[in-house]
Structures are given as C-alpha cells and as structure tokens.
Amino acid sequence: MSKGTELVAINNLNIFNELSELVMLRINGCSEAVHSPNWIESKNHFDYDLWCLQEGQIEIRVEEEVYLASAGDLILFSPKVAYTATSIGNGCRFIFTHFDLGIGDHLGILDNFQLSGVITNTLVKEEIRLFLETYEQYKRSAPMSGIRLKGCLTILISKIMEQYGLGQYRGEFTYHTYLRKQTIYLDTLQPVFHYIQDQLHQSLRIKDLALLAGMSEKYFIYYFKQALGVTPGQYIYQLKMNRARNLLYERHYSIQEIASMLGYSDPYSFSKAFKKYYKVPPSQFV
C-alpha cells in the first residue's frame, strides 16, 4: 500500500468518531478452544473472529503467506477471508470471539482498514488483560458480565485501530484482492467528506455533493450508503448534531447563533432538528 493510500485510510478512521453513536458491536459468540498437537482447521467466517492465544503457537496460512502467532498474541480474522490454522508443538489454547462491528447498515466497515492479522501482545497489553479478566467473569455468568465483555471488546478493537492510526500496526491478512476492493468506496468519497466538514455551517445539498463526486444524485446516495451504512443526509445530520452538542456545552453561543453556525435558516428549524435527535430542545440540553 502506497504512502498516499495509507494516509487516506488513516484519515478515514475519523468516521468512527464522527458517527460513534451509530457504531454497533455485537458479540455472536465467545468461548475457549483447546487443541491437540497437529490440529488443523481450514475455513472462513461470515463475521469477525478474534483469537486470544493463551498457550502454544499457531501457524496461519492465508493464500500463499504464512504467519506465526505465539502465546499472548491476538489473531484477528476478517469475514470471508479463507485461512488454514495449524497448532505447532504441544498444541494450543485460545479464547475466540465472533463479533460484528459496523456503522449503520454497513457491517463490513472494518474491511476498509488493514487490521486483520497477528497482533503482538505489547501493542494492546492492558486492553487484552482487561478483556481476559472480564471473560473469566463472563464464563461464570457473573451479573452484567455480558455487557462488560462487550465494552471490553470495544476498548480492545478501538486500541487496535488507534495503533493502526498511529502507524504502529498493519495487519497482514487483509492485503489481498477481495479486501483491497473494499477501500474504493471510502477513498472515492474523501473530497466529499472534506467538503462537508468545511461547509457544515451552510445548508448542504445532496445534488452538490453528488456533483463533487462525479455521480448522479441517485447513484451517489446509493454509493455513499454502501460505503458508510448511512445516507449522505444521515451523515450530515449526525455531524451537525455532534457540533451542536459541543457548542451548547461551551455555553458561549445563543441558540440563534448555533443555528446560524450550522446552516439552519432559523432557530426554530434548528431546535426542531435537535429535539428530534436528543429528545429535548436545545434550551434544556445543558
């Protein structure tokens, strides 16, 4: 991946902050596996799969490449990527977690980033510790342990993404033809994202954004939702509400000023949009 492509991918991570309220993480299963020497498994998953390797070593083959994971490491698999895993030496033991993570309707959003691969313990040491401690409680069906496990997995995945954004980690599994194609959507929309951020103080029209992307309005809406799992209108609305919330917390601006700063024609239109999202009018928010 070229330096320019890396920068685009890293910049796209901001989407998770901008649309954090729409980020969904669902655990589909979490358990422990113990395998004897010479165990071998060949498959691909329809969701994300994270292994926390507790004992032994595992050799992972993806296409023609071979990778090695040791006790303490994580192994993150993306959906639909075929692999062959083999235990080395005296067998292995790991905790596996199947999960979905998406924004809006887009459950494959992580495929836009080079995250899948072997992740060394030192990069996410504290996050792994927290997750494993919570897993022990989850295994005993302790009260609220399911919610805590979901929270700890969110923290762990967020830390992996942070290390990716800092350039400290690049997953090696995802650099293959199928997953490279997934980045096209977000890369193409970069000018649109920048324009929306710069012009959030105005009333933005979808047809102008479509023109910027070089698409018809109908196709642009389809393309945008394929990329983010939300429509352009939902994306703009979310960003405006995020900005409105922050401005209200600052307590430096009147509701009329905030409405103007976010491109609303009058305070009433802004208050109506704000109440629809936060269930309270802006005058009662803080």
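What counts, and where the lines are drawn
- Residues numbered from 1 in each chain as written.
- Predicted model: local features only at pLDDT ≥ 70, side-chain atom pairs only at ≥ 80, totals over all residues.
- Heavy atoms only, no water.
- Buried < 20%, exposed > 50% of the residue type's maximum accessible area, 1.4 Å probe, protein only.
- Helix = DSSP H or I, 4+ residues; strand = E, 2+ residues; numbered from the N terminus.
- Arc of directions from axis to C-beta.
- Contact = heavy atoms within 4.5 Å.
- Pairing = 2+ DSSP bridges.
- Axes fitted to C-alpha atoms, helices over the stretch in contact; angles between N-to-C directions.
- Parallel < 35°, antiparallel > 145°, perpendicular 65-115°, else oblique.
- Nonpolar A, V, L, I, M, F, W, Y, C, P; charged D, E, K, R; others polar.
- Left-handed = near helix turned anticlockwise from the far one by under 90°.
- Core = buried A, V, L, I, M, F, W, Y, C linked by side-chain atoms within 4.5 Å.
- Expected span 1.5 Å × (residues − 1).

Caption draft 1: Broad picture of helix 8 (residues 206-213). Among all positions in helix 8, only Leu209, Ala210 and Ala213 are buried. Here the buried residues of helix 8 occupy an arc of 100° about the axis, which is enough to place them on one side. Elements in contact with the buried residues of helix 8: helix 7 (190-198), helix 9 (217-228) and helix 10 (232-250). The first or second residue beyond helix 8 is Gly214, which carries a positive phi of 75°.

Caption draft 2: Molecular detail of the pairing of strand 3 (residues 48-62). Inspection of the sheet shows strand 3 paired to strand 6 (residues 83-103) by twelve bridges, in the antiparallel sense. Counterpart to Leu50 in the pairing with strand 6 is Thr97. For strand 3 and strand 5 (residues 74-77), the ladder comprises four bridges, and the chain directions are antiparallel. Bridge pairing links Leu50 to Leu76 in strand 5. One ladder, built from six bridges, connects strand 3 with strand 4 (residues 65-70); its direction is antiparallel. Bridging across to strand 4, Ile58 finds its partner in Ala69. Where strand 3 hands over to strand 4, the hairpin turn is made up of two residues, of which Glu63 adopts a positive phi near 55°.

Caption draft 3: Spatial organisation of the packing of helix 10 against helix 12 (residues 267-278). Taken N-terminus to C-terminus, the directions of helix 10 and helix 12 make an angle of 95°; their axes are 11 Å apart at the nearest point. Comparing their axes, helix 12 and helix 10 come out roughly perpendicular. Mapping the contact onto sequence places Tyr237, Gln238, Met241, Asn242, Ala244, Arg245 and Leu248 in helix 10 and Phe270, Ala273, Phe274, Lys276, Tyr277 and Tyr278 in helix 12. Grouping the amino acids of the contact of helix 10 with helix 12 by side-chain chemistry returns nine nonpolar, two polar and two charged.

Caption draft 4: Structural context of the packing of helix 7 against helix 10. Relative orientation of the contacting elements helix 7 and helix 10 amounts to 40°, with a least axis distance of 11 Å. With respect to the hand of their crossing, helix 7 and helix 10 are arranged in right-handed fashion. Across the interface between the two elements, Phe193, Ile196 and Gln197 from helix 7 touch Tyr235, Ile236, Leu239 and Arg243 from helix 10. Taken together, the residues of the contact of helix 7 with helix 10 sort by class into five nonpolar, one polar and one charged.

Caption draft 5: Region of the structure containing the nonpolar core. Counting 55 residues, the largest nonpolar core has Phe99 and Leu228 as its most contacted members. Sort the elements by how many residues they give to this core and helix 4 (residues 145-165) lands first, with eight residues. Membership of the second largest hydrophobic core comes to 18 residues, among which are Ile60, Tyr67, Ala69 and Phe173.

Caption draft 6: Quick look at helix 3 (residues 125-139). In this model, helix 3 (15 residues) spans 21 Å end to end at C-alpha, consistent with the 21 Å of a helix rising 1.5 Å per residue. The complete set of buried residues in helix 3 reads Glu127, Ile128, Phe131, Leu132, Thr134 and Tyr135. Close packing links the buried residues of helix 3 with strand 1 (23-35), strand 3, strand 5, strand 6 and helix 4. Downstream of helix 3 by one or two residues, Ser141 has phi in the positive range, about 60°.

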